[in-house]
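Chain by chain, the residues:
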Amino acid sequence: MFEAKKHKIRFALSKHLLFRESDYNLKNYFNHDCVVIFPKLNLCFNRIKKAGNTSVCAYLAQVCGYPDFDSPHLLKENLIRPETASLKLLAKSRTYHSLVVVRNPFDRTLSAFLDKVGGDKSGRFSNYGGYRDDSARGFLEFLKHLDALPNRGNRHFWPQTELLYKPLNAYTLVAKLENLSQVLPPFLKDLTGQSFDGSIFEKPHKVEVEKEGKIKMANEKLRQYYIDESINLVKKIFKNDFESLDYPDELSI
């Protein structure tokens, strides 16, 4: 209760004092899972669920000298978030570089289904269409359910453009997961003065690989799950992602 009250006070102070003239989406900025601050890099990383954000967090933490963590959960719990950062750091973070990594909506949507709905074992997502039906039919039922929701429900299923904490053109780097190994090394070199081998970023970080079932390789399964109706639903639901993030909305299957 006390921690919740402290968070509300911090949010109010920040909103009215630190960010009163900013164009930040403060609900996203102070969301528990949306932004990580890396003071050593002078960087704010906008996490987009199902767009490689855990691996990117792990690589950035590695660059900053964090210890190795045994699980994605331990990694995330040891990162600095705006909701827990000091007001001094929050003020300083306004001048930091900003990074967001996005993903092809066709791949991302299928990955979210496979990880959270079609193959879920926790029961957490049992209210979604297609639950535990790991098939093209199940995927279609999931998309129909998603399309009928007044909002997108869980943030894993939100359009990426609705998870941003500031306007897209205000980020220092908007990187695509598909070419991360090409664009992240020069970006990190600008921040640190060190050179990085791009091949390191071609695969998920070991902290994700070692978690059973975490990696879904959705881009290799498109033909298995997509039919014309599901393609059209993804195009409809994530229309703004395709347009704003410059991804083609055609999928050849």
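The structure contained in this document is the topic of the report that follows.

Conventions used here
- Residues numbered from 1 in each chain as written.
- Predicted model: local features only at pLDDT ≥ 70, side-chain atom pairs only at ≥ 80, totals over all residues.
- Heavy atoms only, no water.
- Helix = DSSP H or I, 4+ residues; strand = E, 2+ residues; numbered from the N terminus.
- Buried < 20%, exposed > 50% of the residue type's maximum accessible area, 1.4 Å probe, protein only.
- Contact = heavy atoms within 4.5 Å.
- Areas by Shrake-Rupley, 256 points an atom, 1.4 Å probe, with all protein chains shown as cover.
- Lys, Arg positive; Asp, Glu negative; His and termini not counted.
- Charge placed at Lys NZ, Arg CZ, Asp CG, Glu CD.
- Axes fitted to C-alpha atoms, helices over the stretch in contact; angles between N-to-C directions.
- Parallel < 35°, antiparallel > 145°, perpendicular 65-115°, else oblique.
- Phe/Tyr/Trp six-rings, centres within 6.5 Å; stacked < 30°, edge-to-face > 60°.
- Lys NZ or Arg CZ within 6 Å of the ring centre and 35° of its normal.
- Salt bridge = Lys/Arg side-chain N within 4 Å of Asp/Glu carboxyl O.

The next thing to look at is the overall build of the chain. Helix and strand content of the chain: twelve helices and four strands. Seen along its three principal axes, the alpha-carbon backbone of the chain occupies a region of about 50 × 45 × 35 Å. When each of the 253 residues of the chain is scored for burial, the buried share is 49%. Taking the contacts inside the chain whose residues are at least 6 apart along the sequence as the reference set, 69% of them involve residues at least 24 apart. Accessible surface, the chain as shown: approximately 13,000 Å² in total, 49% of it carbon and sulfur. The averaged location of the 31 negative side-chain charges in the chain is 7 Å from the averaged location of its 39 positive side-chain charges.

In this section: unusual backbone geometry. The phi dihedral of N42 falls on the positive side, at around 50 degrees, and the residue is not glycine. Mapped onto the fold, N42 is located in the loop between strand 1 (35-38) and strand 2 (43-46). Although it is not a glycine, D246 adopts a positive phi angle of roughly 60 degrees. Here D246 is to be found in the segment after helix 12 (239-244). Judged by relative accessible area, D246 falls into the exposed class, the value being 61%.

The description of two packed helices rests on the angle between their axes and on the distance between the axes. Contact pair helix 6 (residues 105-118) / helix 7 (residues 136-148): the axes reach a minimum separation of 11 Å and the direction vectors enclose 100 degrees. By the angle class used here, helix 6 and helix 7 are roughly perpendicular. Every residue of helix 7 that contacts helix 6 at T109, L110, F113 and V117 is listed here: G138, F139, F142 and L143.

Inspection of the entire model under this criterion finds 22 aromatic pairs. Judged by centre distance (6.4 Å) and plane angle (70 degrees), the rings of F38 and Y66 are edge-to-face. One end of the pair, F38, is in strand 1; the other, Y66, is in the loop between helix 3 (53-63) and helix 4 (72-77), and 28 residues separate them in sequence. Judged by its relative accessible area of 1%, F38 is buried. Ring centres 5.5 Å apart and planes at 90 degrees place the aromatic pair F106 and Y226 in the edge-to-face group. Here F106, found in helix 6, pairs with Y226, found in the loop between helix 10 (222-225) and helix 11 (228-237); they are 120 residues apart in sequence, far enough to count as distant. Note on F106: relative accessible area 1%, which makes it buried. On the basis of relative accessibility, which here comes to 2%, the residue Y226 falls in the buried class. Taking NZ or CZ as reference, R155 lies 4.5 Å from the ring centre of W158, over its face. One residue, K166, lies across the ring of Y171, its end atom 5.4 Å from the ring centre.

Along the chain, R223 turns up in helix 10. A relative accessible area of 63% means that R223 is categorised as exposed. Filtering out sequence-adjacent residues up to four positions away, R223 remains in contact with S252 and I253.

It is worth spelling out the pattern of salt bridges at this point. A complete count under the given rule lists twelve salt bridges for this structure. For R137, the salt bridge goes to D133, with nearest N and O atoms at 3.1 Å. One salt bridge in this structure joins E243 and K239, with 2.6 Å as the shortest N-O distance. With E243 and K239 both in helix 12, this residue pair falls four residues apart, about one helical turn. Within this structure, D33, R47 and K49 form a network of salt bridges that share partners.

Nothing here speaks to function; it is all geometry.
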